[in-house]
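Structural characterization, general
The lines below spell out each chain.
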Amino acid sequence: MDFTDQRLSYEKGVLDQQSVPESPFDLLKAWMDEAIAQKVQEPYAMSLATCGIDNKPSVRIVLMREITETGVVFYTNYESAKGQDIAENPNAEVLFFWHELERQIRISGSIAKIDAQKSAAYFQKRPHDSQVGAWVSQPQSGEVTNREVMDQTFEQLQSDYSNSGEVPTPEFWGGYEITVEQIEFWQGRANRMHDRIVYTSENGDSWNTKRLLP
Ligand SMILES: Cc1cc2nc3c(=O)[nH]c(=O)nc-3n(C[C@H](O)[C@H](O)[C@H](O)COP(=O)(O)O)c2cc1C
């Protein structure tokens, strides 16, 4: 397949270094609000890139569940392939791409587990069957013989937990927060003259902005 003749002109917005807010979190939240208002499907779905000591990057989608005062939070299995990468190398990048708004956001920083109590509070808010699913997918990214084995384990645990009521929070499951060190906001423009404004911070308090060549 050849896609070299496929091109779109991006003309839906502009991004100006003089008018961006001082804090990138204000812009992140404003862009997220617009994405929700424009009905972008799952705008909080982000590509998460990690790299373990083998120096081979891995990328996959996870759902951002919170924007805190310092970073962004998602939940996963700590013993998954990504969990192992993070244990070996606590640097990560996430990326959002919203075609409907011709926007991309890249967030990079250090990544660490969040407080276990906060993870448990979120786990207990999840739908019952998602809670059961977290127990079935252990270790996440491990090999399973076939679909039937997964389905049988799911049904077995569903029935076990329907008797005992609450599904316990697995120790191997919880949140990670990426503490933002750099955020780049990208707005597509015509003729590949896109706007790129990057925020960086040494201490997470004060931010510098730069415009980057597209
Ligand atoms: C839309 C979408 C949302 C997802 N959300 C999550 C999530 O929040 N947490 C998670 O662990 N996996 C999520 N996944 C699955 C991951 O992409 C991935 O398959 C899984 O986490 C295993 O990744 P790993 O083997 O690199 O650890 C999602 C996948 C998609 C397509």
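The following paragraphs examine the structure supplied in this document. (Residues numbered from 1 in each chain as written. Predicted model: local features only at pLDDT ≥ 70, side-chain atom pairs only at ≥ 80, totals over all residues. Heavy atoms only, no water.)

Let's talk about a nonpolar patch on the surface
Under the convention used in this document: Two distance rules govern patches: like charges are joined within 9 Å, and nonpolar side chains (Val, Leu, Ile, Met, Phe, Trp, Tyr) within 5 Å, applied only to residues with over 30% relative accessible area and no salt bridge. Each accessible area is a Shrake-Rupley estimate made with a 1.4 Å probe; only the visible protein chains count as cover when residues are assessed. The salt bridge criterion pairs a side-chain nitrogen of Lys or Arg with a carboxyl oxygen of Asp or Glu, the two atoms within 4 Å. Under the DSSP-based scheme used, a helix requires at least four consecutive residues in state H or I and a strand at least two consecutive residues in state E, with every element numbered from the N terminus.
A cluster of nonpolar side chains, V144, V149 and M150, forms an exposed patch at the surface whose accessible area comes to about 190 Å². For V144, the position within the fold is in the loop between α4 (128-136) and α5 (147-164).

As for the layout of surface pockets
Applied cut-off: Buriedness of a pocket was judged along seven lines, with at least five required to meet protein on both sides within 12 Å; pockets are open sets of points on a 1 Å grid over the protein atoms alone, cavities are sets where a 1.4 Å probe fits but cannot get out, and lining residues have an atom within 4 Å of a point. Grid points are joined across faces, edges and corners, and a volume is the space filled by probe spheres set on the points. Note on residue classes: Ala, Val, Leu, Ile, Met, Phe, Trp, Tyr, Cys and Pro are nonpolar, Asp, Glu, Lys and Arg are charged, and everything else, Gly too, is polar.
Here the largest pocket is characterised by a volume of approximately 300 Å³. The wall of the largest pocket is formed by 16 residues, among which Y75, T76, R126, Q140 and W173 lie closest to the centre. Of all the secondary structure elements, the ones that give two or more residues to the lining of the largest pocket are β2 (57-67), β3 (71-77) and α4. Classifying every residue of the lining of the largest pocket gives seven nonpolar, six polar and three charged. Of the volumes computed, that of the second largest pocket is approximately 200 Å³. Of all the elements, α5 adds the most residues to the lining of the second largest pocket, at three residues. Residue classes in the lining of the second largest pocket are distributed as five nonpolar, six polar and one charged.

Some points on the packing of helix α3 (residues 116-125) against α4
The criterion, for reference: For every element, the axis is a line fit to its C-alpha atoms; helices are fit only across the contacting stretch, and the angle between N-to-C directions ranges from 0 to 180 degrees. Geometric relationships in this document are graded by angle, where less than 35 degrees denotes roughly parallel, more than 145 denotes roughly antiparallel, 65 to 115 denotes roughly perpendicular, and other angles denote oblique. Contacts were defined at the residue level, with two residues in contact if any of their heavy atoms lie within 4.5 Å.
At a minimum axis distance of 8 Å, the contact between α3 and α4 shows a crossing angle of 120°. The angle between α3 and α4 places the two elements in the oblique class. Of the residues in α4, those in contact with F123, Q124 and K125 of α3 are Q131, A134 and W135.

Some points on the site of the ligand
Quick reminder of the rule: Proximity is defined per residue: any heavy atom of the residue falling within 4 Å of a molecule or strand makes that residue near it. Side-chain atoms alone can form a polar contact between residues adjacent in sequence; in general such a contact is a pair of N or O atoms within 3.5 Å, and within protein one must be able to donate a hydrogen while the other accepts it.
Close contacts around the ligand come from E42, R60, I61, V62, L63, Y75, T76, S80, A81, K82, Q140 and S141, and that covers them all. Contact distances for the ligand include 2.7 Å between an oxygen atom and a side-chain N or O atom of R60. Within the backbone of A81, a nitrogen or oxygen atom sits 3.3 Å from an oxygen atom of the ligand. The fraction of the free accessible surface of the ligand (620 Å²) that becomes covered by protein chains is 62%. Elements represented by at least two residues in the shell around the ligand include exactly β2, β3 and α2 (81-88). The dominant element in the shell around the ligand, judged by the number of residues it contributes, is β2, at four residues. Taken together, the residues of the shell around the ligand break down into five nonpolar, four polar and three charged.

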